[in-house]
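# Coordinate inspection notes
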Amino acid sequence: MYAPRIPRQVTLRHLFRLVRRPIPVFTELLDRYGDNFIQEVGGSRTTHFTRDAEVARHVLQRNHRNYEKSEIQTGQMGKYLGLGLLTNSGDDWLRQRRLIQPGFHRQRLAALTAEMQRVIEEECARAANSGPVDLFSFTRQVAFRIIVRALFTDGFGEEDTRRLHEILDKLQAYIIYPIRLPFLRGPLRWIGQEQRHLALATESRQLISRHIRHRQQGTRVPAKDDLLQMLLDTRYEDTGEGMDERQLIDEILILFAAGYETSANALAWTIWLLLKHPNELARLRDTPDPTYLTQVIEESMRLYPPAWITDRVALGPDEAAGFTLDPGVTIGIFIHGIHHSPRYYDAPEEFRPARMHPDLKKERHPFSFIPFGGGPRQCIGSHFAMLEMQLLLGHLLEHFDVESVGKLPDPQPKPFVTLHQDRPVPITISPRKGKSI
Ligand code: HEM
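Residues numbered from 1 in each chain as written. Predicted model: local features only at pLDDT ≥ 70, side-chain atom pairs only at ≥ 80, totals over all residues. Heavy atoms only, no water.

## With respect to the packing of aromatic side chains
To be explicit about the condition: Stacked, edge-to-face and tilted labels apply to pairs of Phe, Tyr and Trp rings (six-membered ring for Trp) whose centres lie within 6.5 Å, assigned for plane angles under 30 degrees, over 60, and everything in between, in that order. Counting from the N terminus, the helices are DSSP H or I runs at least four residues long and the strands are E runs at least two residues long. Remark: exposure states derive from per-residue accessible area (1.4 Å probe, protein chains only) relative to the maximum for the residue type, with buried under 20%, exposed over 50%, and partly exposed in between. By the criterion adopted, a ring carries a charge over it if an Arg CZ or a Lys NZ lies within 6 Å of its centre and within 35 degrees of its normal.
In the structure shown here, the tally under the stated rule is 11 aromatic pairs. Ring geometry for Y80 versus Y174: centroids 5.6 Å apart, planes at 75 degrees, classification edge-to-face. Residue Y80 is found in helix 4 (residues 71–81), and its partner Y174 is found in helix 9 (residues 158–180); the two are separated by 94 residues along the sequence. A relative accessible area of 2% means that Y80 is categorised as buried. Through a chain of ring-to-ring contacts, three or more aromatic side chains come together here, namely F26, F37, F49, W308 and F334. Above the plane of the ring of Y292 lies R283, whose end atom (NZ or CZ) is 3.6 Å from the centre. For the cation-ring pair, R302 lies above Y345, with the distance from its terminal atom to the ring centre recorded as 4.7 Å.

Printed below as a string of structure tokens:
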């Protein structure tokens, strides 16, 4: 059985809104046509959209061998960010994943905890001395510096850190246009935008390459076994050799791109939710409890999943939860839609951290909460992200008062590559009385 097909004129009618505000439009269409529908996007590309956890589980995990990432993720993003884990596919991806995976195990990350904590203390103290700051700018700054330090514990230099951050922000903001508006690809090339952004990508690779050389020449020694050292020391099982420089840079660039805006996003929404629900904030402050803090972060990522959608393309014919999937069809897995579905959550729009209690989670469909994706291509940095978020929130709550400047704004989610807040949220961060920073 095929999922209902949306008439072309309905797609065309919604096209303008779809480009500007895809989340409410997808939600409307799913409410109307069911948890699965088929849409012709961009002329001929057929997409099966789903907010059905069982379809997501089938495609991402159960029969993952029949699916690969679309050209959007591998081609369009890979063009600027290189072929690292996130953008790679097939055997090459598997080889790289096996190589890198051990570096992200919990025990291995424990060695980086002190470095993360140091960055958090520096950045919170800096923000506390600076007057009002925009919430998302603050969390971006912290998350970017954490990933820089985790890769280069021997330092990346203030000027190079600032420049790399600027370039990655520009690339992430740009990449979304040729993806969402494919007909702009030609014009963007003609007016030189594509070349300008490719030049920025080249500059970022040069920056990273320079710092790798310092390490290889032994001019600087890492404080601990950091992520760069792990990438340098690791060897392919079959050849016994390490990664060549191009691959090394690709992987580092991907860790930067995949690893900071996502965490920054989740942190910004979590802090905003706590400001909006002072009782939850007070509970965390009065009785610090790491398990409840995890529930708060998870409930925040349920409501605002930084990776709000992902996709796969079917290689051969298949059936998922009773729906026929033809070869070549793109499956749009609407993570935001799954997380907001009344099929899996009571009062899905409400912020209720209690529902993320491990016992209650066990009763739900395992793919009803997938902020880090699922199956073999699940986020490699999930432990890293949870650790940095817990450390930052723990430190902020214990040592600082975070307050909104004036009435707390009500930002709406704005989907770029990740789920931005559509307006600034000015906050102040000031030391709590009697607490040292
Ligand atoms: C809250 C923070 C984060 C969220 C919500 C998130 C989300 C995701 C999701 C949904 C995927 C799977 C995409 C797909 O299957 O199509 C993914 C993959 C990935 N993430 Fe994360 N991520 C986060 C943080 C991080 C961090 C901190 C790092 C690195 C330090 C990282 C590195 C990666 C990489 C390399 C992949 C590709 C894995 C592969 O395909 O083998 N992510 N992430």
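## Side note on the UniProt feature "binding site: heme" (unreviewed entry) in the protein
Here is the rule we go by: UniProt positions are given in the numbering used here, feature names are shortened, and annotations may be inferred rather than shown by experiment. When checking whether two residues touch, look at their non-hydrogen atoms; a contact exists if any pair is within 4.5 Å.
Those places that UniProt annotates as "binding site: heme" (unreviewed entry) correspond, in this numbering, to C379. Mapped onto the elements of the fold, C379 is located in the loop between helix 17 (358–363) and helix 18 (382–399). Filtering out sequence-adjacent residues up to four positions away, C379 remains in contact with R97 and F372.

## Some details on the nonpolar core
Let me state the cut-off plainly: The definition of a nonpolar core used throughout is a set of buried Ala, Val, Leu, Ile, Met, Phe, Trp, Tyr and Cys residues joined through side-chain atoms within 4.5 Å.
Membership of the largest hydrophobic core comes to 110 residues, with the highest contact counts inside it found for F256 and I429. For this core, the element with the most residues is helix 13 (residues 245–276), which contributes 19 residues. Among all residues touching I429, those that are not within four sequence positions of it are C124, A127, A128, V133, F138, L396, F400, D401 and V402. Formed by 23 residues, the second largest nonpolar core is a distinct cluster that contains V59, A314, Y345 and F369.

## Considerations on the site of the ligand
Quick note on the threshold: If a single non-hydrogen atom of a residue is within 4 Å of a molecule or strand, that residue counts as near it. What qualifies as a polar contact is a pair of N or O atoms within 3.5 Å, subject to a donor-acceptor requirement within protein and to the restriction that residues adjacent in sequence count only when both atoms come from side chains. Ten residues, namely Ala, Val, Leu, Ile, Met, Phe, Trp, Tyr, Cys and Pro, are considered nonpolar, four, namely Asp, Glu, Lys and Arg, are considered charged, and the remaining ones, Gly among them, are considered polar.
Of all residues adjacent to the ligand, which total 30 residues, the nearest are W93, R97, T310, R312 and C379. In this structure, an oxygen atom belonging to the ligand sits 3.5 Å away from a main-chain N or O atom of L85. Here a nitrogen atom of the ligand sits 3.5 Å away from a polar atom, N or O, in the main chain of A258. When residues of the shell around the ligand are traced back to their parent elements, those giving at least two are helix 5 (90–100), helix 13, strand 5 (310–314) and helix 18. Among the elements that take part in the shell around the ligand, helix 13 stands out by supplying 6 residues, more than any other. Per-class residue counts for the shell around the ligand are 18 nonpolar, 7 polar and 5 charged.

## Remarks on the sheet that holds strand 12 (residues 426–431)
Heads up, the condition is: Two strands are counted as paired when DSSP detects at least two bridges linking them. Lines fitted to C-alpha atoms define the axes here, with helix axes fitted over just the stretch in contact, and angles between the N-to-C directions of these axes take values from 0 to 180 degrees.
Taking strand neighbours across the sheet as the criterion, the 3 strands line up as 4-12-9 in an open arrangement whose pairing is antiparallel. Two strands in the sheet have a free side with no partner beyond their single neighbour: strand 4 (133–134) and strand 9 (400–404). Running at roughly 95 degrees to strand 9, helix 18 makes contact with strand 9 and strand 12 of the sheet.

## Some remarks on the packing of helix 8 (residues 135–151) against helix 18
The line we're drawing: Oblique is the label for any angle not under 35 degrees, not over 145, and not in the 65 to 115 range, which are roughly parallel, roughly antiparallel and roughly perpendicular in turn. Helix crossings fall into two classes, left-handed where the near helix is turned counterclockwise from the far one by less than a right angle and right-handed where it is turned clockwise.
Where helix 8 meets helix 18, the axes come as close as 12 Å, and the angle between the chain directions of the two elements is 125 degrees. Judged on the interaxial angle alone, helix 18 and helix 8 are oblique. For the pair helix 8 and helix 18, the crossing hand works out as right-handed. Of the residues in helix 18, those touching helix 8 at F138, V142, A143, I146, I147 and A150 are F384, E388, L392 and L396. Considered class by class, the residues forming the contact of helix 8 with helix 18 number 9 nonpolar, no polar and 1 charged.

## What about the pattern of salt bridges?
For clarity, the threshold we go by: The working definition used for a salt bridge is a side-chain nitrogen of Lys or Arg within 4 Å of a carboxyl oxygen of Asp or Glu.
Tallied over the entire structure, the rule returns 35 salt bridges. Several salt bridges converge on common partners, so that one network encompasses D31, D35, R51, D52 and R343.

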